[in-house]
Amino acid sequence: MLFNTPLFLGFFALFFLLYCFVFTQPRGRALFLVVASLVFYAGWDYRFVPLLVFSGVVDFFVAQQIEGHTEQRARKRWLLVSIVTNLGILGIFKYSNFMIDSVQDTLSFFGMPVSLGTLEVVLPVGISFYTFQSMSYTIDVYRGETRARRNFVPFFATLSFFPQLVAGPILRAKQILPQIERFPQVTPDDVKFGFVLITMGLFKKTIADLLAAPAQTLFNSDAPLSWLETVTGVLAFAGQIYGDFSGYSDIAIGIALLLGIQIPLNFNTPYFALSPVDFWKRWHISLSSWLRDYLYIALGGNRNGRQIRNVFITMLLGGLWHGAAWTFVWWGAYHGTIISLTHLLRRTRLGQWLAGIELSAFRWLQWLFTFYLVCIGWVFFRAESMGDAFAILGALHNPASSIESQPYAGAVLAMVALVILLIHCIDYGIVHRRELITRRYPRFVPLLILGLTFTILIGEPGYEFIYFQF
Amino acid sequence: MSSSTSSSRRMALYTMLIAAVTLLPAMGLVNWLTRSAEAGAGDIFGIQRIRSVIDSLDYMAATEGNTLLFIGSSLVKDGFSPRIFDATVQSVANKEVTSFNVGMGNMKPSYLKLLVQRIADTYAAQGRRADVVLLEFNPFLVTQAREQFRPFMTEQVQAMLMSPQQVGATFWQDPERFARLVSIKYLRHGVSAEAITGGLRFLVGQAQAQAPLMAQLTEDQLNHLQQLAEFRSRLNQYIREEQPISGKSHVWNPVTQGGLIDMMDLSPQAQEVAAEISRQMRHPKAMAMDLQSRIQCCDIENLTFNDKLVGEFLDTVDSARRFSDRVEIVLLPRNRQWVQLSPAGQARLQALLQQLQQRTGVTIRNYQEHGAFDGSDFYDVSHLSMDKGRPLFSSVLARDLAATFETLE
């Protein structure tokens, strides 16, 4: 059940009426939320509902065990149970065939071809999101940052909270559990801003779907394209993934707001970043902060002079989290490298001198270079294989290519660039103008109507959100 | 009721108000935009004809006397004049007949099947039967290539052709699709988002594909195109003045029995312009380009058939039998001057026609190779022209069917 479909509209309308007029007490609401979330999830594939429940039951039980033990070794053992269970689920459903293929390829490379077959497993939608979310709960309990819950229903309502169940943002139990336990009163400002987020999220998603065509032209092409079309394709994918994912996050956060649940924003104008480090503070914030808090810090963070190593490992695993393919591993390693280089540069005199430059022209250059680096990363992310990625990168850096462009290629490129800018303007308004939007809401209503009209008119409900596959 | 509960309900009502303030005007705007686009630019969503046919089914079913329905693709829409057909039957067999043109563009068998089911349901609801039903079998609409043609149209065409009961039945198989169909059929004026974006992409693709060809056109050819545009504009003007009611030829009209405006409806000046348009459209360059596009979209020369589409056509024949005792299959004339079937294509067509004959047992009237038609009877590589081909085919068909009508009460 996609957010941008009439079916979801019907589902949510019915849910909302029951939520507000029938299940008005916190206990009943939490239980109803669980039922609705399971129905929502079963809409994707009912066979994986038990897996979601299993993950929740294990972590609910493990958290109590961790809290119940004072001995550090026992606490650690129980935490390990949670981590092994969650990563085991991920490993089986998401990475088993990738590992089998990789072993086969490696042996074949060394002249020992073997056929290990493949496992008939289907990737459950949202598995990467809910396992991380569930794990964060047990880790927080282990660290003493939150207490283990005795009531399963609110805990599971948090884990399975349908607006963010299948594609995030990845929530921490300590952020959302207290809200679901008491269901805070919704304010008029929540409603207004929630609607702005939902409408603009749908609008961004529609734009992202339009950008899919030029991106597919490049990434699905068997033959090399002209330089202009290669630039357009890469840029279009940069816009597509941003509009698609930030659109989904906005809708999820907006829906939660209508229910009185506050979820932090997941994007903050990422392509305005001035360095790779800055980019990761603005892109998929819930994942990057999760990786920072639960992986990077667990590895030792920037202590003992191991910052570079830890950054690299964190980004590498972050890349692998996105998908079971070498292209994602490369994408993670690439970002690990450019972030590490940024850190190394900052330690040098040259880096300090550069940081001191206050010329706006230099800031523009910094922005342009960061955007270029991020776009290079998207090539690894989107390409079907490493070979394709390097071929596209080759074409991207060959403006003298003799391949002729299709007619109107320049116009398409200009439109793609404009559309990316438009998404950023929306994002900027959402992040920085919340107070103004809610205070002067009637002034924004015509814009919302236009955005929604555009979405209804050409928003194709058939397009899935890219992050569902992760 | 506690104060927090009542406050929560107040907020829920407030939320619904905010939703209504945004959603209802947006839905209104979407409908206004699609309706205005259709009013200004004709059948740009490819749905107006379908919608008008569906709206006219009750009228067709209620028509008294001997009736004939000719159901098929744009070849039927452009190539069959019910009024010429009826007049010819009257003169040849002295029998009063009312025929209807139920031809629509892009009508591949999967759509045809839904349409014929819908017609059968309408006739059943009125307790009526049609005397004769002609089902067009268009070979190039049953090919593998055509199956993949304009997939973005599928949902909206199906939504419009399906009855409310058929739409309702999809809920149990695929709730997602059910919601989409309901939205297209009842909330979006029959126009799906895919049709708009897909249509735009199709047009952009066409423009990109044609741009190099256009760049190669000589000055003479460009002048020719300009002239053609001027003639078309003049004919439209004549039609608007002379036929203000039935002027929108793509909309199914009871006055023309679903057929398009005929030469006999026009003044001599307008007829002259119409004939000139047909002649101009047969410019070798334009015909060559049209042939190329038909080869690409429909495999018109090799005819590699799609089993699924063939199966759907067979189902269509069965559905047609629900409301008529006399069902026949008709193949319209082929523009042999331009479309040469390959030996393999020819063999495949013959084999398929035999299969259709064996499986359905109905009469197949095959005009593909009919000697009465030549290149001058078409305005492009597949459609009969208004000035020559349509009247000729309608009267040839009427003469061939006259004997059938003589046996009717």
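Keep in mind it's a predicted model, so treat the numbers as computed, not measured.

Novice: Even after reading the chapter, I still don't get the pairing of strand β5 (residues 363–366) of chain B, so can you show me in this structure?
Specialist: Remember that side chains alternate between the two faces of the sheet whenever the strand is regular. Residue and element names in this part refer to chain B. As paired elements, strand β4 (residues 327–331) and β5 share four bridges and run parallel to each other. In the strand pairing of β5, Leu331 is matched with Asn366. Handedness of the β4-helix α15 (residues 343–360)-β5 crossover: right-handed.

Novice: When you look at the sheet that holds β5(B) in this model, what are you seeing that I'm missing?
Specialist: Strand-to-strand pairing in sheets goes through backbone hydrogen bonds, with the strands running parallel or antiparallel. Residue and element names in this part refer to chain B. Spatial ordering of the open sheet is given by β2-β1-β3-β4-β5, a layout of five strands whose pairing is parallel. Looking at strand neighbours, the two that pair on one side only are β2 (97–103) and β5, the edges of this open sheet. The average angle at which neighbouring strand axes cross in this sheet is 20°, direction not considered. Pairing of strand β1 (residues 66–72) with β2 involves seven bridges; the strand directions are parallel. Within the sheet, the bridge partner assigned to Phe70 lies in β2 and is Asn101.

Novice: Help me out: how do you make sense of the side chain of Ser340(A) in this one?
Specialist: Relative to the helices and strands, Ser340(A) is located in helix α14 (residues 326–347). Not counting chain neighbours up to four residues away, the residues in contact with Ser340(A) comprise Ile308(A), Val311(A) and Phe312(A).

Novice: Help me understand the nonpolar core, please; the structure alone is not making it clear to me.
Specialist: Nonpolar side chains in soluble globular proteins tend to end up buried together. Tyr271(A), Trp378(A), Ile71(B) and Phe323(B) are the most contacted members of the largest nonpolar core, which totals 248 residues. Ranked by residues supplied to this core, first place goes to helix α10 (residues 227–258) of chain A with 17 residues. In this structure, Tyr271(A) is in contact with Ala238(A), Gly239(A), Ile241(A), Tyr242(A), Phe279(A), Trp283(A), Trp367(A), Phe371(A), Val374(A), Trp378(A), Ile420(A) and His424(A), ignoring residues within four places of it in sequence. Ranked by size, the runner-up nonpolar core spans 15 residues in total, among them Leu228(B), Leu235(B), Ile239(B) and Met386(B).

Novice: Just checking my understanding: could you explain the side chain of Asp387(B) for this structure?
Specialist: Residues and elements named next belong to chain B. With respect to the element layout, Asp387 can be found in the loop between β5 and α16 (389–406). Buried charged residue Asp387 carries no salt bridge. Nearest counter-charge: Arg282, at 5.0 Å. A polar atom in the side chain of Asp387 sits 3.0 Å from the side chain of Ser278. At 3.0 Å, the side chain of Asp387 and the side chain of Ser385 are in polar contact. Those residues within four positions of Asp387 in sequence are excluded, and the remaining contacts are Met263, Ala275 and Ser278.

Novice: When you look at the interface of chain B and chain A in this model, what are you seeing that I'm missing?
Specialist: It is common to report an interface's size as the accessible area lost on association of the parts. Each side of the interface is counted separately: chain B has 39 residues, and chain A has 40 residues. Across the chain B to chain A interface the summed buried area is about 3400 Å²; carbon plus sulfur atoms make up 72%. There are zero salt bridges connecting chain B and chain A. Counting across the chain B and chain A interface gives five residue pairs in polar contact (both at pLDDT 80 or more). Of all elements in the fold, only α1 (3–41), α9 (175–187) and α10 (193–216) of chain B reach the threshold of two or more residues within the side of chain B that touches chain A. Among the elements that make up the side of chain B that touches chain A, the one with the highest residue count is α1(B) (23 residues). Of the residues contributing to the side of chain B that touches chain A, the split by class is 22 nonpolar, eleven polar and six charged.

Novice: I tried to follow the packing of aromatic side chains on my own but got confused; where do I start?
Specialist: Aromatic rings in a pair are described by how distant their centres are and how their planes are angled relative to each other. Residue and element names in this part refer to chain A. In total, this model carries 75 aromatic pairs over all chains according to the counting rule given. Ring geometry for Phe245 versus Phe267: centroids 5.2 Å apart, planes at 85°, classification edge-to-face. A residue pair is termed long-range when its members are at least 10 positions apart, and Phe245 in helix α10 and Phe267 in the loop between α10 and α11 (276–282) qualify at 22 residues. With relative accessibility at 0%, the residue Phe245 sits in the buried group. Ring centres of Trp364 and Trp367 lie 5.8 Å apart, and the angle between their planes is 90°; on these two criteria the pair is classed as edge-to-face. Of this pair, Trp364 and Trp367 are both found in helix α16 (residues 360–382), three residues apart, which corresponds to roughly one turn of the helix.

About the criteria used
Residues numbered from 1 in each chain as written. Chains lettered and ligands numbered in written order. Predicted model: local features only at pLDDT ≥ 70, side-chain atom pairs only at ≥ 80, totals over all residues. Heavy atoms only, no water. Pairing = 2+ DSSP bridges. Helix = DSSP H or I, 4+ residues; strand = E, 2+ residues; numbered from the N terminus. Right-handed = clockwise from strand over helix to strand, strands pointing away. Axes fitted to C-alpha atoms, helices over the stretch in contact; angles between N-to-C directions. Contact = heavy atoms within 4.5 Å. Core = buried A, V, L, I, M, F, W, Y, C linked by side-chain atoms within 4.5 Å. Buried < 20%, exposed > 50% of the residue type's maximum accessible area, 1.4 Å probe, protein only. Lys, Arg positive; Asp, Glu negative; His and termini not counted. Salt bridge = Lys/Arg side-chain N within 4 Å of Asp/Glu carboxyl O. Polar contact = N/O pair within 3.5 Å; in protein donor to acceptor, adjacent residues only side chain to side chain. Buried area = accessible area lost by both parts, 1.4 Å probe. Nonpolar A, V, L, I, M, F, W, Y, C, P; charged D, E, K, R; others polar. Phe/Tyr/Trp six-rings, centres within 6.5 Å; stacked < 30°, edge-to-face > 60°.

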